[in-house]
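Residue-level listing of the chains:
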Amino acid sequence: MQTRHRLICLSILLLSALSLGAVSISAPRDADNPNVRFGMPSLAKADSNHRDDYLIARSQYVLSYNATTRTPNWVSWTLRRSDIGKAKRGDFEPDTSLPAGFIRVTAGVYTKSGFDRGHMCPAQDRSSDQADMDATFRMTNIIPQSPALNQHAWERLESYCRTLAKDHALYISCGPHGTGGEGKNGHANEIGTDKVKVRVPAKVWKVILVLPDEDAEPRRNTRTIAVIMPNDQSVGDDWARYRVSVREVERLTGYKFFRKVDPDIAAAIKRDPDTVKVRTPKTKARP
């Protein structure tokens, strides 16, 4: 009887270990997601109690969602030539992956607000596949952006990144900061209805790591591009005038970039603003 009892106990322990192992293998980890290969800007968690830094990890991008502002804190993704194609733009959709208790913002919250539904991970950066592009239209990837910002300097920088991606692999993070921006209807701290409100950021930032290919590792002379832009109607087409150091974005946001890069190398590539000469597009006259 004792032998049989020991065998039963061993069997239970083995089954428990296998079960735990299966969970461990199948559980998503940020380390397995190439969109955050060099680390996440914050220590976001896929825990519903982590409401203001809630991790959403997808094959298209990784983001930290804030249930208070109802916008992402940051969104990170990779960009390569193979990511760019001819998929068609879709419809903005609420993110049904949010846990119970999180308000799911709909596209209608932005209607007549004077602010654009501004993508963080751009639709065109995921245009090689329709499902990938559709994922960028989930409202957890969207913030209220002034039309001037969204349609001018921000878009010009997105296009510049896609040009770089023809011969490079880019690792990009961006997000909103602060409260209070200016749209077509003037200044606003938030948009929406009495039931659902979305915070309007004062600024938007972006950090870009430029590597020769996906397998390359950062070096001390690796190019980084960082910008901080105002979320208002003063913005023209010249995105390069908003260049700052990665370190300055860290000071603004409190985030830490390139956590998984050797500290000495990370310090070198975060220290100075990008100075590569870029063609400045002519600012278009606004009506």
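See above for the structure.
On a predicted model such as this, the values are computed, not experimentally measured, just so you know.

Scoring rules and cut-offs
- Every chain begins its residue count from 1, and numbering advances along the sequence as written.
- With pLDDT at 70 or above as the cut-off, local features in this predicted model cover only qualifying residues; side-chain atom pairs require 80 or more to be listed or tallied, and sums for whole chains, interfaces and linings still use all residues.
- Based on all heavy atoms of the structure, the side-chain values leave hydrogens and waters out of the count.
- Each patch is assembled from residues with relative accessible area greater than 30% and no salt bridge, linking like charges that lie within 9 Å and nonpolar side chains (Val, Leu, Ile, Met, Phe, Trp, Tyr) that lie within 5 Å.
- Values of accessible area rely on a 1.4 Å probe in the Shrake-Rupley scheme; residue burial ignores everything except the protein chains shown.
- By convention in these notes, a salt bridge is any Lys or Arg side-chain nitrogen within 4 Å of a carboxyl oxygen on Asp or Glu.
- Only four residue types enter the charge count, namely Lys and Arg as positive and Asp and Glu as negative; His and the chain termini do not.
- Throughout, a charge is located at the NZ atom of Lys, the CZ atom of Arg, the CG atom of Asp or the CD atom of Glu.
- Numbering of helices and strands runs from the N terminus; a helix is a DSSP stretch of H or I covering at least four residues, while a strand is a stretch of E covering at least two.
- Under the scheme applied here, a residue whose accessible area is under 20% of the maximum for its type counts as buried, over 50% as exposed, and between as partly exposed, the area being computed with a 1.4 Å probe on protein chains only.
- The contact criterion used throughout is that any non-hydrogen atoms of two residues lie within 4.5 Å.
- A cavity here means a set of points on a 1 Å grid, drawn over the protein atoms and nothing else, where a 1.4 Å probe fits but cannot get out; a pocket is an open set with protein on both sides within 12 Å along at least five of seven lines, and a residue lines either one if it has an atom within 4 Å of a point.
- Grid points are joined across faces, edges and corners, and a volume is the space filled by probe spheres set on the points.
- Classification convention: Asp, Glu, Lys, Arg as charged; Ala, Val, Leu, Ile, Met, Phe, Trp, Tyr, Cys, Pro as nonpolar; all other residues, Gly among them, as polar.
- Two rings from Phe, Tyr or Trp (for Trp, the six-membered ring) form a pair when their centres sit within 6.5 Å of each other. Planes less than 30 degrees apart are called stacked, planes more than 60 degrees apart edge-to-face, and all others tilted.
- We define the nonpolar core as a collection of buried residues of types Ala, Val, Leu, Ile, Met, Phe, Trp, Tyr and Cys that are connected through side-chain atoms lying within 4.5 Å of one another.

In this section: a negative patch on the surface. On the surface, a cluster of negative charge is contributed by Asp91, Glu93, Asp129 and Asp134. Structurally, aspartate 134 is set in helix α2 (residues 130-135). Assessed through its relative accessible area of 36%, aspartate 134 is described here as partly exposed.

For the rest of this paragraph, the subject is the environment of isoleucine 265. Relative to the assigned elements, isoleucine 265 resides in helix α6 (residues 263-271). Each C-alpha atom of the pair isoleucine 265 and proline 218 lies 7.3 Å from the other, and the pair is 47 residues apart in sequence. Apart from residues no more than four positions distant in its own chain, isoleucine 265 is found in contact with Pro218, Arg219 and Arg220.

Applying the stated rule across the entire model yields two cavities of 30 Å³ or more. Of the volumes computed, that of the largest cavity is approximately 130 Å³. Taken together, 17 residues make up the lining of the largest cavity; nearest its centre are Phe38, Gly39, Tyr171, Ser173 and Phe258. Secondary-structure elements contributing two or more residues to the lining of the largest cavity are β6 (169-177) and β11 (203-211). For the lining of the largest cavity, a count of residues per class yields eleven nonpolar, four polar and two charged. Of the volumes computed, that of the second largest cavity is approximately 30 Å³. What lines the second largest cavity is Tyr65, Arg70, Asp95, Leu98, Arg104, Val105, Met139 and Thr140.

So, about the packing of aromatic side chains. Enumeration over the complete set of coordinates arrives at seven aromatic pairs. Aromatic pair tyrosine 160 and tryptophan 239: ring centres 5.1 Å apart, planes at 40°, arrangement tilted. Placement of the pair is tyrosine 160 in helix α4 (residues 153-164) and tryptophan 239 in the loop between β12 (223-230) and β13 (243-244), with a sequence separation of 79 residues. According to the relative accessible area criterion, tryptophan 239 is buried, its value standing at 3%. Here phenylalanine 257 and phenylalanine 258 contribute two aromatic rings whose centre-to-centre distance is 6.4 Å and whose plane-to-plane angle is 55°, an arrangement assigned as tilted. Ring-pair connections join several aromatic residues into one group, and the members of that group are Trp205, Tyr255, Phe257 and Phe258.

Counting 54 residues, the largest nonpolar core has Met229 and Trp239 as its most contacted members. Counting residues per element, this core draws most heavily on α4, at six residues. Excluding anything up to four places from it in sequence, tryptophan 239 contacts Ala153, Arg156, Leu157, Tyr160, Ile225, Val227, Met229 and Val278. Counting 26 residues, the second largest nonpolar core, distinct from the first, contains Val207, Ile228, Val249 and Tyr255.

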